[in-house]
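# Remarks on the overall topology
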Amino acid sequence: MALQSRFKELMAHSVSVKAFLRRSTDGYGAPVYSTASNSYTARVTARHTVLPRPDGHTFVGDHVAWLATTKRIGLKDQFTFSGTTYEVLSETPMADDVGAHHQKLILRRSTG
């Protein structure tokens, strides 16, 4: 289902996502991402969000993004907004009674 125009107007940002391919074989295990990136219309806001982990500890996100796409974004994918790279901590497809229409991501600034 397409996102309603009144909601799409709130998504004034452009973001890019590169798909995670595999871990490097260089001995360090660094992530290897696709050379192609997908661009999406989005709304990105600074918001402190605490997410529970299965082991009882927590993740702390510092941004939330809503993407105008129904394509799934992987937790290992590389998310870039305004020149800053973020880790995807959580990805939730958002839907109503008609069907899915966008994705909500909880993000944290990447440290490496």
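Structure shown above.
How each quantity is defined
- Every chain is numbered on its own, with residues counted from 1 as its sequence reads.
- A pLDDT threshold of at least 70 governs which residues receive local features in this predicted model, and a stricter bar of 80 or more applies before side-chain atom pairs are shown or counted, although totals over entire chains, interfaces and linings include all residues.
- To get the side-chain values, take all heavy atoms of the structure and skip hydrogens and water.
- Only strands that DSSP links by at least two bridges are regarded as paired with each other.
- Where helices and strands are cited, they refer to DSSP runs of H or I of at least four residues and of E of at least two residues respectively, numbered from the N terminus.
- Axes here mean lines fitted to C-alpha atoms, for a helix over just the part in contact, with angles spanning 0 to 180 degrees between N-to-C directions.

### Regarding the pairing of strand S6 (residues 100–109)
Pairing geometry for strand S3 (residues 58–67) and S6, over 5 bridges, is antiparallel. Each bridged residue has a counterpart across the sheet, and for Trp-66 the counterpart in S6 is Lys-104. Where strand S5 (residues 84–95) lies against S6, 9 bridges are found, and the strand directions are antiparallel. In the sheet register, Ala-95 faces S6, and the bridge partner there is Ala-100. Here S5 folds back onto S6, and the loop between the two strands holds 4 residues, one of which, Gly-99, carries a positive phi near 150°.

### Side note on the sheet that holds S6
As summarised here, the arrangement of the 6 strands in space is S1-S2-S3-S6-S5-S4, forming a closed barrel in which the pairing is antiparallel. Neighbouring strand axes in the sheet, compared pairwise and without regard to direction, differ in orientation by 50° on average.

Scope: geometric values only; no functional claims are made or implied.
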